[in-house]
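Here's the letter readout for the chains.
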Amino acid sequence: MLRNLAGLVIVILTAVIYFADFYLNIKAAKRRVLVWRRGSTYWFIRSNGMGGVQRRARLVWMQRLGYNEPEAMILAKHQSRIGLMGMTAFAVLGAIAATLFQYFNL
(Lines give C-alpha, C1' and ligand atoms only; values in the text may rest on other atoms or scores of the structure.)
Protein backbone atom coordinates (compact mmCIF):
# COMPACT_ATOMS: atom_id res chain seq x y z
CA MET A 1 0.00 0.00 0.00
CA LEU A 2 2.73 2.46 0.98
CA ARG A 3 4.71 1.60 -2.17
CA ASN A 4 1.67 2.41 -4.35
CA LEU A 5 1.12 5.67 -2.51
CA ALA A 6 4.75 6.65 -2.99
CA GLY A 7 4.48 5.90 -6.71
CA LEU A 8 1.36 8.05 -6.97
CA VAL A 9 3.01 10.93 -5.11
CA ILE A 10 6.02 10.79 -7.45
CA VAL A 11 3.79 10.91 -10.54
CA ILE A 12 1.80 13.84 -9.15
CA LEU A 13 4.96 15.72 -8.17
CA THR A 14 6.39 15.14 -11.64
CA ALA A 15 3.29 16.70 -13.21
CA VAL A 16 3.39 19.62 -10.78
CA ILE A 17 7.07 20.25 -11.53
CA TYR A 18 6.41 20.10 -15.27
CA PHE A 19 3.55 22.61 -15.19
CA ALA A 20 5.23 24.90 -12.66
CA ASP A 21 8.32 24.96 -14.86
CA PHE A 22 6.30 26.11 -17.87
CA TYR A 23 4.33 28.62 -15.79
CA LEU A 24 7.40 30.25 -14.25
CA ASN A 25 9.24 30.52 -17.57
CA ILE A 26 6.22 31.95 -19.38
CA LYS A 27 5.77 34.49 -16.59
CA ALA A 28 9.46 35.46 -16.75
CA ALA A 29 9.31 35.74 -20.55
CA LYS A 30 6.23 37.97 -20.36
CA ARG A 31 8.13 40.38 -18.13
CA ARG A 32 11.07 40.57 -20.55
CA VAL A 33 9.21 41.37 -23.79
CA LEU A 34 7.47 44.61 -24.65
CA VAL A 35 4.18 43.09 -25.86
CA TRP A 36 2.99 39.55 -25.21
CA ARG A 37 1.10 38.82 -28.41
CA ARG A 38 -2.01 36.72 -28.77
CA GLY A 39 -1.09 33.07 -29.23
CA SER A 40 2.34 33.45 -27.65
CA THR A 41 1.53 31.12 -24.75
CA TYR A 42 0.30 28.45 -27.16
CA TRP A 43 3.43 28.70 -29.30
CA PHE A 44 5.65 28.83 -26.21
CA ILE A 45 4.36 25.40 -25.19
CA ARG A 46 3.98 23.92 -28.66
CA SER A 47 7.40 24.82 -30.04
CA ASN A 48 9.33 23.81 -26.94
CA GLY A 49 10.63 20.59 -28.48
CA MET A 50 11.99 22.34 -31.56
CA GLY A 51 15.77 22.09 -31.58
CA GLY A 52 18.06 25.08 -31.44
CA VAL A 53 17.52 28.47 -29.87
CA GLN A 54 18.23 30.46 -33.04
CA ARG A 55 16.09 28.20 -35.22
CA ARG A 56 13.16 28.44 -32.80
CA ALA A 57 13.59 32.22 -32.52
CA ARG A 58 13.59 32.65 -36.28
CA LEU A 59 10.83 30.20 -37.25
CA VAL A 60 8.35 30.65 -34.42
CA TRP A 61 8.87 34.01 -32.78
CA MET A 62 9.94 36.12 -35.75
CA GLN A 63 8.10 34.56 -38.71
CA ARG A 64 4.88 33.37 -37.08
CA LEU A 65 4.32 35.98 -34.39
CA GLY A 66 6.29 38.98 -35.67
CA TYR A 67 8.64 39.61 -32.75
CA ASN A 68 11.89 41.43 -33.46
CA GLU A 69 15.17 39.52 -33.19
CA PRO A 70 16.23 40.48 -29.62
CA GLU A 71 12.80 39.64 -28.18
CA ALA A 72 12.65 36.42 -30.20
CA MET A 73 16.01 35.35 -28.77
CA ILE A 74 14.82 36.15 -25.23
CA LEU A 75 11.71 34.03 -25.71
CA ALA A 76 13.66 31.14 -27.23
CA LYS A 77 16.19 31.22 -24.39
CA HIS A 78 13.38 31.05 -21.82
CA GLN A 79 12.06 28.00 -23.65
CA SER A 80 15.48 26.37 -23.41
CA ARG A 81 15.56 27.01 -19.68
CA ILE A 82 12.47 24.84 -19.29
CA GLY A 83 14.47 21.75 -20.17
CA LEU A 84 17.32 22.64 -17.85
CA MET A 85 15.06 23.47 -14.93
CA GLY A 86 12.96 20.37 -15.53
CA MET A 87 15.93 18.01 -15.61
CA THR A 88 17.35 19.56 -12.45
CA ALA A 89 14.03 19.28 -10.63
CA PHE A 90 13.53 15.66 -11.75
CA ALA A 91 17.06 14.77 -10.60
CA VAL A 92 16.39 16.27 -7.17
CA LEU A 93 13.00 14.52 -7.00
CA GLY A 94 14.63 11.22 -7.96
CA ALA A 95 17.30 11.62 -5.29
CA ILE A 96 14.68 12.39 -2.65
CA ALA A 97 12.52 9.46 -3.75
CA ALA A 98 15.49 7.06 -3.71
CA THR A 99 16.45 8.24 -0.23
CA LEU A 100 12.89 7.80 1.06
CA PHE A 101 12.59 4.35 -0.49
CA GLN A 102 15.85 3.30 1.11
CA TYR A 103 15.01 4.88 4.48
CA PHE A 104 11.57 3.27 4.73
CA ASN A 105 12.68 -0.03 3.08
CA LEU A 106 10.06 0.20 0.35
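Look up: the structure comes first, before these words.
Residues numbered from 1 in each chain as written. Predicted model: local features only at pLDDT ≥ 70, side-chain atom pairs only at ≥ 80, totals over all residues. Heavy atoms only, no water.

(A) Structural view of the overall build of the protein chain. Along its length, the protein chain carries four helices and zero strands. Counting from the amino terminus, helix and strand elements in the protein chain follow one another as α-α-α-α. By the compact-globule yardstick of 13 Å for 106 residues, the protein chain is too spread out, its C-alpha radius of gyration being 18 Å. Per-residue burial for the protein chain yields a buried fraction of 29% across its 106 residues. Taking all contacts inside the protein chain whose residues are at least 6 apart in sequence as the whole, residues at least 24 apart take part in 56%. (Helix = DSSP H or I, 4+ residues; strand = E, 2+ residues; numbered from the N terminus. Rg over C-alpha atoms; globule rule 2.2 N^0.38 Å. Buried < 20%, exposed > 50% of the residue type's maximum accessible area, 1.4 Å probe, protein only. Contact = heavy atoms within 4.5 Å.)

(B) Structural detail: helix 1 (residues 2-32). In this model, helix 1 (31 residues) spans 45 Å end to end at C-alpha, consistent with the 45 Å of a helix rising 1.5 Å per residue. In this structure, the buried side of helix 1 is in contact with helix 2 (40-46) and helix 4 (69-103). (Expected span 1.5 Å × (residues − 1).)

(C) Molecular detail of the packing of aromatic side chains. The full count for this structure, using the stated rule, is seven aromatic pairs. Consider the rings of Trp 36 and Phe 44, whose centres lie 6.4 Å apart with planes at 50 degrees: the pair is tilted. Centroid distance Phe 44 to Trp 61: 6.1 Å. Interplanar angle 55 degrees. Geometry classified as tilted. Of this pair, Phe 44 sits in helix 2 while Trp 61 sits in helix 3 (residues 53-64); the two residues are 17 residues apart in sequence, bridging distant segments of the chain. Taken together, the ring pairs connect Trp 36, Phe 44, Trp 61 and Tyr 67 into an aromatic cluster. Stacked on the ring of Tyr 67, the Lys or Arg Arg 37 has its end atom at 4.5 Å from the ring centre. (Phe/Tyr/Trp six-rings, centres within 6.5 Å; stacked < 30°, edge-to-face > 60°. Lys NZ or Arg CZ within 6 Å of the ring centre and 35° of its normal.)

(D) Quick peek at the side chain of Gln 79. Examined against the element boundaries, Gln 79 turns out to sit in helix 4. What makes Gln 79 buried here is its relative accessible area of 1%. Of the polar contacts made by the side chain of Gln 79, one reaches the side chain of Ser 47; its length is 2.9 Å. Side-chain polar atoms of Gln 79 contact the side chain of Trp 61, separated by 3.1 Å. (Polar contact = N/O pair within 3.5 Å; in protein donor to acceptor, adjacent residues only side chain to side chain.)

(E) Structural detail: the nonpolar core. Counting residues in each nonpolar core, the largest one holds 16 residues, and the members touching the most others are Phe 44, Trp 61, Tyr 67 and Leu 75. For this core, the secondary structure elements donating two or more residues are helix 1, helix 2, helix 3 and helix 4. Top contributing element to this core by residue count: helix 4, with five residues. Sequence-distant contacts of Tyr 67, defined by excluding residues within four places in its chain, comprise Val 35, Trp 36, Arg 37, Ser 40, Trp 61, Met 62, Ala 72 and Leu 75. (Core = buried A, V, L, I, M, F, W, Y, C linked by side-chain atoms within 4.5 Å.)

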